[in-house]
Amino acid sequence: MNSKASRAAAEPSPSQPPAGPSVAEREVRLTSLLVVGALLVGLLLQVWIPPGGFTLVAAAFLASMVLIAVGYLAPGKLRQTIAGFRFIATLLFVLAVEAILGTLVLQMKPTSFYVERYGVAGKVIVALRLDDVFHGLPFALLMALFGAAVIASALLRWPVKVKNLGFFIAHIGLLTSLAGAGASATLSIRGRIDLHAGGETATHVVLKRGKQLLPERAALGFDLHLDRFELVNYEPEFRIGFYEQGTFTDEEGRQRPTWRLKASFDPDLQKHRLPSGDSFRLTGIYPEFQPVPDPVTRQVKYGTASQEWKSPAVAIEANAGGRKIEQLLLAAQPQAVFLGAERALLFEKREQEVKAYVSHVTAAKEGKRTSTKITVNEPMSFGGWTLYQVNYNPADPTYSGLEAVYDPGVAWVFLGFALICIGVFYMFYLEPRLKARG
Amino acid sequence: MLQYVLAEHPVFVATTALYAASAAFYAAAWRSTKALVGRAATGLMAAGLVLNAAVIVQRWIEADRAPFKSLFESLVFFSFCIALVYVFFELIYRTRVFGVPAAALALGCLGYALAKWDAEIVKLPPALQSPWFVPHVMVYFVGYAAVTIAFALAIIQLLAPRVGFVQRLLSMKAGTITSGQPLDVEAMNFELVRFGFALLTIGLLVGSVWAKSAWGDFWVWDPKENWSLVTWLVYGGYLHLRRVRGWRGDRGAWLLIAGFAVVMFTYLGMHLLPTAEESAHVYNSQ
């Protein structure tokens, strides 16, 4: 085809009206315009409007309502576009990019932190408000588009039929969760209560923003007293540890030798193989070790005063490259059995790890008293607040740090979660069966 | 190391050997006209699955807690989930064509677990002692397994029109396609992602409920939370785009490969992030 002919094929003849963009092309254009526009407008406006929970919720709510209203009132394809699969898929990917961005830059640190850590780039991070991506206006406006898309696509299915109930429930669930999260971001109060066992009764919480404590305080509305703080440890453990020498890089970039635990064994009488190919077995286990003189030969033998693991020792027989080593190892005086220059066995007591932090508290309001315990994963609810175990001080066994949260939105968030789960399963696994039945 | 694992952890070694053998038999079933070869492959996979479960149960008893704490433990559970999802997949679709990648993936997990072997069983910190811990991890890993198999199928889907051997695999019947029907890999992928997405949704929401009960916040924008959300958004995007013309076939398959990359980064790559220092979800052994 010559160039004139190809131009003729590409261009419409003067007698025919030029063909407009297809529906798909229009959707792509409008989608791009809305998403890019939201990001740019957000970036521009946040020069004057700082990020924050209220900014996020107010901007997202208002912008989504405006978009829905314009979509329903104005002529054109706006409503169909924002309710369409192409628009929502694009938005999901852009939100994913925004979420990734928030993991590349540490969030909600003081301004000086970014400048110190990243230099000039730190100033750019602060200027673009990438230090608080999830409370800024670009994110808020993307959430507005998301909210509008969810509402518009759910309304497209109205009136709801049994066959498309799942889609509707899932999307209502999303909206309920978002509304709850919005209420949570704007109305919730969270703060810290520092208590000492038998000490003063708390009546207020020190407020927090993110992880930072604020100078303001809020009244609890009841009295809270720490009766007792308990640090529950796991039972002590004694292990046979196999170590190999390796290296690590120190803060100045130098290679330093270190011993690394490569395998660990319960003290038992079985023969064990080691990662180095060597082997060992215990020939005696003495939970409460004491030397016992033989009454006949008067030779000192190994023995145990009881079966309680108070001051244990083990007699070990190791085989290292054909060399047999026999040694007594006491946990109280750790001594290595060297199997070679860079590998060793040790009988040792493990550090006792914390199993639970338990605050025994009493809350009192207008003559009503409730005594209970608070542990991690078992918060206490009282007077509209929920109290969580979040801190302790190893140097002060009477201290307990609690987080107090008043969150009127969380019930809606969880209701939304339940609806999303129900909706997704209905949509994926019930609807196809209902449709197949006709 | 191998001698040590062989002597001290024989069930782990037997599981690995069974998955390797099942991969070999599934590969042989591509060529063999004997149905017995395919059946043997399935039998070996099922036996591997049972022993994999035994490794998990043994560890559960030994540790006196659910064995999902360390990277090693999670990899052993991930291999179990891949094998489990695959066996159900084989039963539903009555095809053994995809047995090789499934067995290879389960085997790969165990191989990586060998490289990340725990020197010692660690105790469960207070935050993980929650009734939400086990359902959260289980639901997530079964979901991960579904999208992992979808990833393998996406590669096959991309290769089929370009590589004659792969094309022939999808049309062979003896020992591999027991239903006698032609395979629609695209539709299978959609089913796997739908199943995986439903579980990722539940896992994400259960994690959120757990975070609320432990720390008082249902969402704290932790890097792992964010990347779990990214995973959910990517597969949500895939499910929506599938309804848009032009997004089935190769483009959809590429999206599933990208989705799997996100899943793997969410699972294994958190320590690489500059924000990892503030995350409560980074494996200690990484």
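Q: Which residues make up the overall build of chain B, and what are the values?
A: Summing up its helical and strand segments, chain B has ten helices and zero strands in all. The C-alpha radius of gyration of chain B comes to 19 Å, within 12% of the 19 Å expected for a compact globule of 286 residues. Expressed as a percentage of the 286 residues in chain B, the buried residues total 59%. Within chain B, counting contacts between residues at least 6 apart in sequence, those at least 24 apart form 79% of the total. Entry remark: accessible area of chain B is about 11300 Å², with carbon and sulfur atoms responsible for 67%.

Q: I'd love a proper account of helix H5 (residues 99-115) of chain B, names of residues and values included.
A: All names here are of chain B. The end-to-end C-alpha distance of H5 is 24 Å, a good match for the 24 Å that 17 residues give at a rise of 1.5 Å each. Three or more residues of H5 are buried, namely Gly99, Val100, Pro101, Ala102, Ala103, Ala106, Cys109, Leu110 and Ala113. As for H5, its buried residues are in contact with helix H2 (10-31), helix H3 (35-63), helix H4 (71-93) and helix H6 (133-159).

Q: Any details on the packing of aromatic side chains? Residues and values, ideally.
A: One pass over the structure, following the stated rule, counts 46 aromatic pairs over all chains. Seen from the ring of Phe113 of chain A, Lys109 of chain A lies directly overhead, with NZ or CZ sitting 5.9 Å from the centre. For the cation-ring pair, Lys123 of chain B lies above Tyr234 of chain A, with the distance from its terminal atom to the ring centre recorded as 5.6 Å.

Q: Tell me about the interface of chain B and chain A, and please be specific about residues and values.
A: Interface size is commonly expressed as the accessible surface area that is lost when the partners come together. Each partner contributes residues to the interface: chain B has 53 residues there, and chain A has 64 residues. Here chain B packs against chain A, burying approximately 5200 Å² in sum over the two surfaces, 66% of which is carbon and sulfur. For the interface between chain B and chain A, the tally reads five salt bridges. Close ionic contact of Glu237 of chain A with Lys123 of chain B constitutes a salt bridge, the shortest N to O distance being 2.9 Å. Where chain B meets chain A, there are 21 residue pairs in polar contact (both at pLDDT 80 or more).

Q: Can you break down the nonpolar core residue by residue, with the values?
A: Of all hydrophobic cores here, the largest spans 162 residues; its most connected members are Leu345 of chain A together with Phe98 of chain B. No other element matches H6 of chain B, which puts 16 residues into this core. Setting aside its immediate chain neighbours within four residues, Leu345 of chain A contacts Ile240, Gly241, Phe242, Leu274, Phe280, Ile316, Ala318, Gln335, Ala336, Val337 and Leu339 of chain A. Grouped together as the second largest cluster of nonpolar side chains are 24 residues, Val354, Val376, Leu387 and Leu402 of chain A included.

Q: Before we move on, could you go through a nonpolar patch on the surface and cite the residues and values that matter?
A: Residues and elements named next belong to chain A. Taken together, the side chains of Val36, Leu40, Leu43, Val120, Val124 and Leu128 define a hydrophobic patch exposed on the protein surface, amounting to about 520 Å² of accessible area. Those elements that place two or more of their residues in the nonpolar patch are helix H2 (23-45) and helix H7 (120-127). The greatest single-element share of the nonpolar patch, amounting to three residues, is contributed by H2. Tracing the sequence through the fold places Val124 in helix H7.

Q: Would you mind going over the packing of H4 of chain B against H6 of chain B in detail, with residue names and values included?
A: Residue and element names in this part refer to chain B. In contact at an axis separation of 8 Å, H4 and H6 are set at 60° when each is read in the N-to-C sense. Considered as vectors, H4 and H6 are oriented oblique to each other. When the axes of H4 and H6 are compared, the crossing they make is right-handed. The segment H4 lies against H6, with Ser74, Phe77, Phe78, Cys81, Ile82, Val85, Tyr86 and Phe89 engaging Val137, Met138, Phe141, Val142, Tyr144, Ala145, Ala146, Thr148, Ile149 and Leu153. For the contact of H4 with H6, the residue count by class is 16 nonpolar, two polar and no charged.

Q: Tell me about the sheet that holds strand E17 (residues 385-393) of chain A, and please be specific about residues and values.
A: Backbone hydrogen bonds are what pair the strands of a sheet, in a parallel or an antiparallel way. Pairing is antiparallel across the open sheet formed by eight strands, whose spatial order is E15-E14-E3-E2-E1-E18-E17-E16 (chain A). Only two strands of the sheet have a single partner each, and these edge strands are strand E15 (368-374) and strand E16 (380-382) of chain A. The sheet shows a mean angle of 40° between the axes of neighbouring strands, direction not considered. Inspection of the sheet shows strand E1 (residues 189-196) of chain A paired to strand E2 (residues 202-209) of chain A by two bridges, in the antiparallel sense. Bridging across to E2 of chain A, Gly191 of chain A finds its partner in Leu207 of chain A. Here helix H8 (residues 185-215) of chain B sits on the sheet in contact with E17 and strand E18 (396-406) of chain A, set at roughly 65° to E17 of chain A.

Q: Tell me about the sheet that holds strand E6 (residues 271-273) of chain A, and please be specific about residues and values.
A: Residues and elements named next belong to chain A. Taken in spatial order, the four strands line up as E6-E7-E10-E11 in an open sheet, and their pairing is antiparallel. Where the open sheet ends on each side, the last strands, each with one partner, are E6 and strand E11 (323-330). For this sheet, the mean angle separating the axes of adjacent strands, direction not counted, is 25°.

Q: So, helix H9 (residues 223-241) of chain B: which residues are in play, and what are the values?
A: Residue and element names in this part refer to chain B. In this model, H9 (19 residues) spans 26 Å end to end at C-alpha, consistent with the 27 Å of a helix rising 1.5 Å per residue. The buried fraction of H9 is high, at 19 of 19 residues. Where H9 begins, the side chain of Asp222 points an oxygen toward the backbone nitrogen of Lys224, at a separation of 2.9 Å.

Q: Run through the pattern of salt bridges, naming residues and quoting values.
A: Side chains that differ in sign of charge can pair as their charged atoms come close. Per the counting criterion, the structure on display carries 28 salt bridges over all chains. Across the pair Arg254 of chain A and Asp250 of chain A runs a salt bridge whose closest N-O atoms are separated by 3.4 Å. Given a relative accessible area of 42%, Arg254 of chain A falls into the partly exposed group. Classification of Asp250 of chain A as buried rests on a relative accessible area of 16%. With a shortest N-O distance of 3.5 Å, Lys212 of chain B and Asp407 of chain A are connected by a salt bridge. With one member in each of two chains, Lys212 of chain B in helix H8 and Asp407 of chain A in the loop between E18 and helix H10 (410-437) form a pair that bridges those chains. The buried category is assigned to Asp407 of chain A, whose relative accessible area is 12%.

Q: Give me the lowdown on the pairing of strand E8 (residues 289-293) of chain A, citing residues and values where you can.
A: All names here are of chain A. Summarising the sheet, E8 and strand E9 (residues 300-304) pair through five bridges and their orientation is antiparallel. In the sheet register, Pro293 faces E9, and the bridge partner there is Val300. The antiparallel hairpin formed by E8 and E9 contains six residues in its connecting segment, where Arg298 sits at a positive phi of about 65°.

Q: Describe the packing of H6 of chain B against helix H10 (residues 250-268) of chain B, naming the residues involved and giving the relevant values.
A: Residues and elements named next belong to chain B. In contact at an axis separation of 9 Å, H6 and H10 are set at 140° when each is read in the N-to-C sense. In terms of their interaxial angle, H6 and H10 are classed as oblique. Handedness of the H6/H10 crossing: left-handed. Packed against H6, whose contacting residues are Phe141, Tyr144, Val147, Thr148, Ala150, Phe151, Ala154, Ile155, Gln157 and Leu158, the element H10 presents Asp250, Ala253, Trp254, Leu256, Ile257, Phe260, Val263, Thr266 and Tyr267 at the interface. Class assignment of the residues belonging to the contact of H6 with H10 gives a composition of 15 nonpolar, three polar and one charged.

Q: I'd like a description of the environment of Ile420 of chain A, backed by residues and values.
A: If you trace the backbone, Ile420 of chain A turns up in helix H10. Accessibility expressed as a relative area gives 7% for Ile420 of chain A, which makes it buried. Along the primary structure Ile420 of chain A and Lys208 of chain A are separated by 212 residues, whereas in three dimensions their C-alpha atoms are 31 Å apart. Ignoring anything within four residues of it in the chain, the contact list for Ile420 of chain A reads Ala170, Gly173, Leu174 and Ser177 of chain A together with Thr201 and Leu205 of chain B.

Rules of the game
- Residues numbered from 1 in each chain as written.
- Chains lettered and ligands numbered in written order.
- Predicted model: local features only at pLDDT ≥ 70, side-chain atom pairs only at ≥ 80, totals over all residues.
- Heavy atoms only, no water.
- Helix = DSSP H or I, 4+ residues; strand = E, 2+ residues; numbered from the N terminus.
- Rg over C-alpha atoms; globule rule 2.2 N^0.38 Å.
- Buried < 20%, exposed > 50% of the residue type's maximum accessible area, 1.4 Å probe, protein only.
- Contact = heavy atoms within 4.5 Å.
- Areas by Shrake-Rupley, 256 points an atom, 1.4 Å probe, with all protein chains shown as cover.
- Expected span 1.5 Å × (residues − 1).
- Phe/Tyr/Trp six-rings, centres within 6.5 Å; stacked < 30°, edge-to-face > 60°.
- Lys NZ or Arg CZ within 6 Å of the ring centre and 35° of its normal.
- Buried area = accessible area lost by both parts, 1.4 Å probe.
- Salt bridge = Lys/Arg side-chain N within 4 Å of Asp/Glu carboxyl O.
- Polar contact = N/O pair within 3.5 Å; in protein donor to acceptor, adjacent residues only side chain to side chain.
- Core = buried A, V, L, I, M, F, W, Y, C linked by side-chain atoms within 4.5 Å.
- Patch = residues over 30% accessible without salt bridge, like charges linked within 9 Å, V, L, I, M, F, W, Y side chains within 5 Å.
- Axes fitted to C-alpha atoms, helices over the stretch in contact; angles between N-to-C directions.
- Parallel < 35°, antiparallel > 145°, perpendicular 65-115°, else oblique.
- Left-handed = near helix turned anticlockwise from the far one by under 90°.
- Nonpolar A, V, L, I, M, F, W, Y, C, P; charged D, E, K, R; others polar.
- Pairing = 2+ DSSP bridges.

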